[in-house]
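Each chain, letter by letter, is given below.
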Amino acid sequence: MYRIGNGYDVHRLVEGRKLILGGVEIPHSLGLDGHSDADVLCHALCDSLLGASGAGDLGKYFPDTDNEWKGVSSLILLEKSCQLANERGFQIANIDTTIVAQQPKLAPHIDLMTKNIAQTLKVEPAQINIKATTTERLGFAGREEGIAAYSIALLRIK
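Okay, so let's go over this structure.

What counts, and at which threshold
Residues numbered from 1 in each chain as written. Predicted model: local features only at pLDDT ≥ 70, side-chain atom pairs only at ≥ 80, totals over all residues. Heavy atoms only, no water. Helix = DSSP H or I, 4+ residues; strand = E, 2+ residues; numbered from the N terminus. Expected span 1.5 Å × (residues − 1). Buried < 20%, exposed > 50% of the residue type's maximum accessible area, 1.4 Å probe, protein only. Polar contact = N/O pair within 3.5 Å; in protein donor to acceptor, adjacent residues only side chain to side chain. Pairing = 2+ DSSP bridges. Right-handed = clockwise from strand over helix to strand, strands pointing away. Contact = heavy atoms within 4.5 Å. Axes fitted to C-alpha atoms, helices over the stretch in contact; angles between N-to-C directions. Phe/Tyr/Trp six-rings, centres within 6.5 Å; stacked < 30°, edge-to-face > 60°. Arc of directions from axis to C-beta.

## A word on helix H1 (residues 40-52)
Thought 1: With 13 residues, H1 ought to run about 18 Å at 1.5 Å a step, and its terminal C-alpha atoms sit 18 Å apart, in line with that.
Thought 2: Across the 13 residues of H1, twelve count as buried, placing the element largely inside the fold.
Thought 3: When we look at burial in H1, the residues that qualify are Val40, Leu41, Cys42, His43, Ala44, Leu45, Cys46, Asp47, Ser48, Leu49, Leu50 and Ala52.
Thought 4: Taking the backbone nitrogen of leucine 41 as reference, a side-chain oxygen 3.2 Å away marks aspartate 39 as the first, capping residue of H1.
Thought 5: Positioned one or two residues after H1, glycine 54 has a phi angle of 70°, which is positive.

In structure tokens form, the structure reads like this:
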């Protein structure tokens, strides 16, 4: 049996924060605002894993009102989300993601993001696909006000 889950996250770009995507610090003048490190890619991944396993969503387990998660690496949230899916009897078949950002260019960082995520989830890098796109300057991402990410996870019963 297979189950599919989707995830979405968005954070505002602000001064004075690091830009972290897929556990990679990306050189940029702005970073993402959030309770944790605000890694929208990892947050979307968490929601897709939790959704596919029928476990709810990111806020259920890691609320932004809980100081335990303040400033935490989102790779930790991703690892714990994967553990929850595993405990419910599922393993990852594959994951497909899209990051939506006008700037900076993300192509040079995708291999390292893939490696970080694969290591965190204890899967092969070939099971993780990360894409990046712009919005041709349309909407909040196009105006460089924020970055969004989408994720789809396909899980199979162990």
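Back to the text.
## Regarding the pairing of strand S5 (residues 90-100)
Thought 1: Of all eleven residues making up S5, eight are buried, and the element is well covered by its neighbours.
Thought 2: The pairing of S5 with strand S7 (residues 146-157) spans ten bridges and is classified as antiparallel. Within the sheet, the bridge partner assigned to aspartate 96 lies in S7 and is isoleucine 152.
Thought 3: Pairing of S5 with strand S6 (residues 128-133) involves six bridges; the strand directions are parallel. Looking at the pairing, threonine 98 lines up with lysine 131 of S6.
Thought 4: This β-α-β element, S5 to helix H4 (residues 110-121) to S6, shows right-handed connectivity.

## Regarding the sheet that holds strand S4 (residues 31-32)
By definition, the strands of a sheet pair up through backbone hydrogen bonds, in either a parallel or an antiparallel sense.
Thought 1: Here we have five strands laid out as an open sheet, ordered S4-S1-S7-S5-S6, and mixed in their pairing. Lying at the two open borders of the sheet, with one neighbouring strand each, are S4 and S6.
Thought 2: H1 contacts strand S1 (2-14), S4, S5, S6 and S7 of the sheet and is inclined by roughly 155° relative to S1.
Thought 3: Across the sheet, H4 lies against S5 and S6, angled at about 145° from S6, the strand it touches most.

## Comments concerning the packing of aromatic side chains
How two aromatic rings sit relative to each other is given by the distance of their centres and the angle of their planes.
Thought 1: Under the criterion given, the structure shown has three aromatic pairs.
Thought 2: Where tyrosine 8 meets tyrosine 150, the ring centres are 4.9 Å apart and the plane angle is 45°; that geometry is what we call tilted. You can see tyrosine 8 sitting in strand S1 and its partner tyrosine 150 sitting in strand S7, a full 142 residues away along the chain.
Thought 3: By relative accessible area, tyrosine 8 is classed as partly exposed at 38%.
Thought 4: Among the aromatic side chains, those forming a connected cluster through ring pairs are Tyr61, Phe62 and Trp69.

## Thoughts on helix H3 (residues 74-87)
Each full turn of the α-helix corresponds to 3.6 residues, which orients residues three or four apart in the same direction.
Thought 1: Look at H3: 20 Å from first C-alpha to last across 14 residues, which is about the 20 Å you get at 1.5 Å a residue.
Thought 2: When we look at burial in H3, the residues that qualify are Ser74, Leu75, Leu77, Leu78, Ser81, Cys82 and Ala85. The buried residues of H3 all sit within an arc of 155° when viewed along its axis, so they share a single face.
Thought 3: Contacts from the buried residues of H3 go to H1, S5, H4 and S7.
Thought 4: Downstream of H3 by a residue or two, glycine 89 has a phi angle that is positive, lying close to 95°.

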